[in-house]
Amino acid sequence: MDILLLVGGLLLILIGANGLTDGAASVAKRFRIPSIVIGLTIVAFGTSAPELAVSVSSALKGSADIAIGNVVGSNIFNTLMIVGCTALFAPIVITRNTLRKEIPLCILSSIVLLICANDILLNHATENVISITDGLLLLCFFAIFLGYTFAIASSGNNESQDEEIRQLPMWRSILYIIGGLAGLIFGGQWFVEGASNIARSLGVSESIIGLTLVAGGTSLPELATSIVAALKKNPEIAIGNVIGSNLFNIFFVLGCSASITPLTLSGITNFDLWVLVGSGILLWLFGLFFAKRTITRIEGGIMILCYIAYTTALILKL
């Protein structure tokens, strides 16, 4: 029954995210909202909607380790596994702007989370908590990130995206939006309940489930997007997809979750947070030094091996 809740919840989340994105993008196009604005907001939200649904549902149910583990695990999975797998299909060329600004911003977001999650070390507190104040701070960072992306986008020409957005009848768009939101809400509840019950029955901590099973499941949209892009000979899209998702996850998803209720870290350790920081640094170093702003197949293979080593370390800690 718990496995059915887990799989059914994930399917509902993925279908809901797709429906919400299509419906909202269609409404935005109908009201002549620029395509780049649609891409930066609605489409970005769509790929991170599973993480948002699961983390907020977990926070409301008191499963803080799943809420945080989902974000930390998803970002590690995105950086090491998705970029690694995509590079195996086709080497990824990184733009100069991405290497100088966006990847460092991604590393910065991981460091901000590391600082927020170390109350015992920094403040001599009794427990590590991502507080409501920390959540609001993360949302402020998200607002700055949005301002930066809009400023970058306004100087570019992105008309081609208009052709990719289907304009649906208004009634169908509204139906997609309402149905998508319902799918995210109920799917998130089922998924968290199934994952929590499985963790308890196996004697595995919720943090391990959040960092692996839940994180991998909610990262399926990003994985599908990146591999399809590689097959269509657009592997550079993978980097934008991963960086956008990672920033969205920490600043918006975790910011929203912590703003609703403080999140106490019990199973998520500094080891996990340092792996998160290290994965971003590894991506930056591979892009900077070895093959002229290109993630090669060999480097992609190394990133996949790093993820396997991290997962093995988690299992050995059990």
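Rules of the game
- Residues numbered from 1 in each chain as written.
- Predicted model: local features only at pLDDT ≥ 70, side-chain atom pairs only at ≥ 80, totals over all residues.
- Heavy atoms only, no water.
- Helix = DSSP H or I, 4+ residues; strand = E, 2+ residues; numbered from the N terminus.
- Contact = heavy atoms within 4.5 Å.
- Areas by Shrake-Rupley, 256 points an atom, 1.4 Å probe, with all protein chains shown as cover.
- Phe/Tyr/Trp six-rings, centres within 6.5 Å; stacked < 30°, edge-to-face > 60°.
- Buried < 20%, exposed > 50% of the residue type's maximum accessible area, 1.4 Å probe, protein only.
- Patch = residues over 30% accessible without salt bridge, like charges linked within 9 Å, V, L, I, M, F, W, Y side chains within 5 Å.
- Salt bridge = Lys/Arg side-chain N within 4 Å of Asp/Glu carboxyl O.
- Expected span 1.5 Å × (residues − 1).
- Core = buried A, V, L, I, M, F, W, Y, C linked by side-chain atoms within 4.5 Å.
- pLDDT = per-residue confidence, 0-100.
- Axes fitted to C-alpha atoms, helices over the stretch in contact; angles between N-to-C directions.
- Parallel < 35°, antiparallel > 145°, perpendicular 65-115°, else oblique.
- Nonpolar A, V, L, I, M, F, W, Y, C, P; charged D, E, K, R; others polar.
- Bend = angle between axes of the 7 residues up to and from the residue.
- Left-handed = near helix turned anticlockwise from the far one by under 90°.

Enquirer: When you look at the overall build of the protein in this model, what are you seeing that I'm missing?
Expert: A count of helical and extended segments in the protein gives 13 helices and 4 strands. Counting contacts in the protein only where the partners sit at least 6 residues apart, residues at least 24 apart contribute 84% of the total. Summed over its atoms, the accessible surface of the protein is roughly 14300 Å², and 69% of this surface lies on carbon and sulfur atoms.

Enquirer: Can you walk me through the environment of Leu 136 in this structure?
Expert: Mapped onto the secondary structure, Leu 136 falls in helix H6 (residues 132-154). Taking C-alpha positions, Leu 136 is 7.8 Å from Ala 258, a pair spaced 122 residues apart along the chain.

Enquirer: How should I be thinking about the environment of Ala 90 in this particular structure?
Expert: Examined against the element boundaries, Ala 90 turns out to sit in the loop between helix H3 (64-89) and strand E1 (92-93). Once the C-alpha coordinates of Ala 90 and Gly 300 are considered, the two residues, 210 residues apart in sequence, prove to be 9.6 Å apart.

Enquirer: What's the story with the packing of aromatic side chains in this structure? I'm lost.
Expert: The geometry of an aromatic ring pair is captured by two quantities: the separation of the ring centres and the angle between the planes. Within this structure, the stated rule accounts for 8 aromatic pairs. Between Phe 141 and Phe 251, the ring centres sit 5.3 Å apart and the planes meet at 10 degrees, which makes this aromatic pair stacked. Linking Phe 141 in helix H6 with Phe 251 in helix H11 (residues 236-260), this pair joins segments that are 110 residues apart in sequence. Exposure remark for Phe 141: the relative accessible area of 26% places this residue in the partly exposed category.

Enquirer: How should a nonpolar patch on the surface be read in this particular structure?
Expert: A contiguous nonpolar surface patch, about 400 Å² in accessible area, is contributed by Ile 3, Val 7, Leu 11 and Ile 15. A residue is classified by how much of its surface remains accessible, and Val 7, at 44% relative accessible area, is partly exposed.

Enquirer: Help me out: how do you make sense of helix H1 (residues 2-30) in this one?
Expert: The end-to-end C-alpha separation of H1 is 41 Å, in line with the 42 Å expected for 29 residues at 1.5 Å each. Backbone geometry just downstream of H1 places Arg 32 in the positive-phi region, at approximately 60 degrees.

Enquirer: Honestly, the nonpolar core in this entry has me stumped. Any pointers?
Expert: Side chains of nonpolar character tend, in soluble globular proteins, to be buried together. Counting residues in hydrophobic clusters, the biggest one holds 78 residues, and the most contacted among them are Leu 263 and Ile 295. The element that contributes the greatest number of residues to this core is H11, accounting for 13 residues.

Enquirer: Looking at this structure, how should I read the confidence of the model for the protein?
Expert: Predicted coordinates in regions of low pLDDT should not be interpreted in detail. Mean pLDDT over the protein: 83, with 89% of residues reaching 70 or higher. Confidence scores differ between elements of the protein, with helix H7 (residues 160-164) showing the lowest mean pLDDT of 49 and strand E2 (residues 128-130) the highest of 93. A low-confidence stretch, residues 158-163 stays under pLDDT 50, and its non-local contacts, those more than four residues away or across chains, total 10 contacts.

Enquirer: Looking at this model, I keep getting lost on the packing of helix H12 (residues 270-290) against helix H13 (residues 297-316). Mind explaining?
Expert: Between two packed helices, what matters for the description is the angle formed by their axes and the separation of those axes. Across the interface, H12 lies against H13 with an axial gap of 11 Å and an inter-helix angle of 170 degrees. Looking at the two axes, H12 sits roughly antiparallel to H13. Residues Phe 271, Asp 272, Val 275, Leu 282, Leu 283, Phe 286 and Phe 290 of H12 touch H13, and the partners they reach there are Glu 299, Ile 302, Met 303, Cys 306, Tyr 310, Ala 313 and Leu 314. Residues that form the contact of H12 with H13 fall into these classes: 12 nonpolar, no polar and 2 charged.

Enquirer: Would you mind showing me how to read H3 here?
Expert: Three or four residues apart is the spacing at which side chains of an α-helix point the same way, because the helix has 3.6 residues per turn. For H3, with 26 residues, the first-to-last C-alpha span of 36 Å sits near the 38 Å given by 1.5 Å per residue. The sharpest bend along H3 comes to roughly 35 degrees, located at Asn 78. Counting buried residues in H3 gives 23 out of 26 residues, a clear majority hidden from the surface.

Enquirer: Before we go on, may I ask you to explain the side chain of Ser 279 in this structure?
Expert: Along the chain, the position of Ser 279 falls in helix H12. Residues contacting Ser 279, with those up to four places away along its chain left out, are Thr 79 and Leu 80.

Enquirer: Mind showing me how you'd approach the packing of helix H8 (residues 170-202) against helix H9 (residues 206-218) here?
Expert: One can describe the packing of H8 onto H9 by two numbers: an axis separation of 9 Å at closest approach and a directional angle of 125 degrees. Considered as vectors, H8 and H9 are oriented oblique to each other. Classified by chirality, the crossing of H9 by H8 is right-handed. Contacts between H8 and H9 involve Phe 191, Ala 195, Ser 196, Ala 199 and Arg 200 from the first element and Glu 206, Ile 209 and Val 214 from the second. A per-class count over the contact of H8 with H9 returns 5 nonpolar, 1 polar and 2 charged.

Enquirer: Help me understand unusual backbone geometry in this model?
Expert: With glycine set apart, most residues show a phi of negative sign, and most peptide bonds adopt trans. One non-glycine residue, His 124, lies in the positive phi region at around 55 degrees. Inspection of the secondary structure puts His 124 in the loop between helix H5 (119-123) and E2.

Enquirer: What is the right way to look at the environment of Pro 221 in this model?
Expert: Mapped onto the elements of the fold, Pro 221 is located in helix H10 (residues 220-231). Once the C-alpha coordinates of Pro 221 and Thr 47 are considered, the two residues, 174 residues apart in sequence, prove to be 5.7 Å apart. Ignoring anything within four residues of it in the chain, the contact list for Pro 221 reads Leu 14, Thr 47 and Pro 50.

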